[in-house]
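The residues making up each chain are set out below.
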Amino acid sequence: MIEYSLGTLPFRDGVVFLFPNHLCCNCGKTTDLTTIEQDTRRTAYMVGAGTEITFQLPLPFCTDCTPTASRRPKSVLNWLLIFIAAFAVSALALIVIGDMVLNSPLIARYLLPFALALAALACAGMVALTRPKGKQTSYFQPVRIPRLKQEFVSGAVTAIGFSFSNLAYAKAFALVNRESIAKKLVTLEGI
């Protein structure tokens, strides 16, 4: 794992960007703001391995949104592992309940569909618990780096792309960084 702060990561061709600090990057609130270095990770996979770069992005958060700065988004692999674990626990619980408590041939016959249904319900419950609260636009980190272009040998960044869950913050970022965006050194994803 490689960890860089914005000051130590080598950038090429004038790649510069600033983060507006007049509104919360998650909910858009303009008062009671604190700048927090959001630990943002970008993983690039190659043929059998991958590299992970950690960025410390100085972002403004209001008091209510501060916990979201440390919640990394779940990937498809994370959700798959959660589903598999929920399935295993559900199947084990059904086996124990079916054999010891109920002595039911019905549970034994339909163990697989019951366990799959319980695992799906558990995952749906977890998704429901990770919904944004109030005016938040994301339960997880509101600023991400979906695109990073680097030189092969030196690792210097030649272009970087950001995605924002809050459209107002994305527009403020675009306004502050219009020169780098015009040069295609900084891009905004999903807007």
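Criteria and cut-off values
Residues numbered from 1 in each chain as written. Predicted model: local features only at pLDDT ≥ 70, side-chain atom pairs only at ≥ 80, totals over all residues. Heavy atoms only, no water. Helix = DSSP H or I, 4+ residues; strand = E, 2+ residues; numbered from the N terminus. Core = buried A, V, L, I, M, F, W, Y, C linked by side-chain atoms within 4.5 Å. Buried < 20%, exposed > 50% of the residue type's maximum accessible area, 1.4 Å probe, protein only. Contact = heavy atoms within 4.5 Å. Phe/Tyr/Trp six-rings, centres within 6.5 Å; stacked < 30°, edge-to-face > 60°. Pairing = 2+ DSSP bridges. Axes fitted to C-alpha atoms, helices over the stretch in contact; angles between N-to-C directions. pLDDT = per-residue confidence, 0-100. Expected span 1.5 Å × (residues − 1). Arc of directions from axis to C-beta. Patch = residues over 30% accessible without salt bridge, like charges linked within 9 Å, V, L, I, M, F, W, Y side chains within 5 Å. Areas by Shrake-Rupley, 256 points an atom, 1.4 Å probe, with all protein chains shown as cover. Salt bridge = Lys/Arg side-chain N within 4 Å of Asp/Glu carboxyl O.

Student: Would you mind showing me how to read unusual backbone geometry here?
Tutor: The phi torsion of most residues other than glycine is negative, and most of the peptide bonds are trans. In this structure, Asp32 takes a positive phi of about 60 degrees despite not being glycine. With respect to the element layout, Asp32 can be found in the loop between strand E1 (2–3) and strand E2 (33–45). For Lys184, which is not glycine, the phi torsion reads 60 degrees and is therefore positive. By the secondary structure assignment, Lys184 is in the loop between helix H5 (178–182) and strand E6 (186–189).

Student: Just checking my understanding: could you explain the nonpolar core for this structure?
Tutor: Across soluble globular proteins, nonpolar side chains show a tendency to be buried alongside one another. In this structure, Phe17, Phe19, Leu57, Leu59, Val143, Ile160 and Phe162 are the most contacted members of the largest nonpolar core, which totals 28 residues. Contributions of two or more residues to this core are made by strand E3 (50–62), strand E4 (143–150), strand E5 (157–164) and helix H4 (167–176). Element by element, the count of residues in this core is highest for E3, at 6 residues. Excluding its chain neighbours within four sequence positions, the residues that come into contact with Phe162 are Phe17, Phe19, Leu57, Val143, Arg144, Ile145, Pro146, Phe173, Val186, Thr187, Leu188 and Glu189.

Student: When you look at the packing of aromatic side chains in this model, what are you seeing that I'm missing?
Tutor: For any pair of aromatic rings, the description rests on two quantities: the centre-to-centre distance and the angle between the ring planes. Evaluation of the coordinates by the stated rule reveals 10 aromatic pairs. Where Phe17 meets Phe19, the ring centres are 5.7 Å apart and the plane angle is 75 degrees; that geometry is what we call edge-to-face. Summarising the burial analysis for this pair, Phe17 and Phe19 share the class buried. Aromatic side chains Phe162 and Phe173 sit 5.3 Å apart centroid to centroid with 65 degrees between the ring planes, which places their arrangement in the edge-to-face category. One end of the pair, Phe162, is in strand E5; the other, Phe173, is in helix H4, and 11 residues separate them in sequence. Phe173 carries the same exposure label as Phe162, and that label is buried.

Student: Explain the sheet that holds E5 here, please?
Tutor: Each strand in a sheet pairs with another by means of backbone hydrogen bonds, the pair being arranged parallel or else antiparallel. Strand order in the open sheet formed by 3 strands is E4-E5-E6, and the pairing between neighbours is mixed. Two strands lie at the open edges of the sheet, namely E4 and E6, each paired on one side alone. Each strand of the sheet is rotated relative to its neighbour by a mean of 25 degrees, with strand direction disregarded. Pairing of E5 with E6, which is carried by 4 bridges, proceeds in the parallel orientation. Bridging from a neighbouring strand, Ser163 pairs with Glu189 of E6.

Student: Before we go on, may I ask you to explain the confidence of the model for the protein chain in this structure?
Tutor: A low pLDDT means the predicted coordinates there should not be read in detail. Chain-level pLDDT for the protein chain is 86 on average; 87% of the residues reach the 70-or-more range. Element-level mean pLDDT values for the protein chain span from 43 in E1 up to 95 in H4. Predicted confidence is poor over residues 1–5, with pLDDT under 50, and the contacts of this stretch with residues over four places away or in other chains come to 14 contacts.

Student: Would you take a moment to explain helix H3 (residues 111–129) for this structure?
Tutor: Within an α-helix, residues lying three or four positions from one another point in the same direction, as the helix has 3.6 residues per turn. For H3, which comprises 19 residues, the first-to-last C-alpha distance of 27 Å matches the rise-based estimate of 27 Å (1.5 Å per residue) to within 8%. Those residues of H3 that fall on the buried side of the exposure criterion are Ala115, Ala119 and Cys123. Seen end-on, H3 carries its buried residues on one side only, within an arc spanning 70 degrees.

Student: So what exactly am I meant to see when it comes to a nonpolar patch on the surface here?
Tutor: On the surface, Leu77, Leu80, Leu81 and Ile84 cluster together into a nonpolar patch covering about 390 Å² of accessible area. Within the fold, Leu81 resides in helix H1 (residues 76–102).

Student: For this particular structure, what's the right way to read the pattern of salt bridges?
Tutor: Close approach of charged atoms allows side chains with opposite charge to pair. Per the stated rule, a full pass over the model turns up 3 salt bridges. The partner of Arg41 in a salt bridge is Asp39, with the nearest N and O atoms 3.1 Å apart. Accessibility expressed as a relative area gives 31% for Arg41, which makes it partly exposed. By relative accessible area, Asp39 is classed as buried at 18%. Asp39 is paired through a salt bridge with Arg72; the nearest N and O atoms lie 2.0 Å apart. Highlighted residues: Asp39 in strand E2 and Arg72 in the loop between E3 and H1, separated in sequence by 33 residues. Looking at Arg72, the relative accessible area reads 35%, which means it is partly exposed. Each of Asp39, Arg41 and Arg72 takes part in a single network of salt bridges with overlapping partners.

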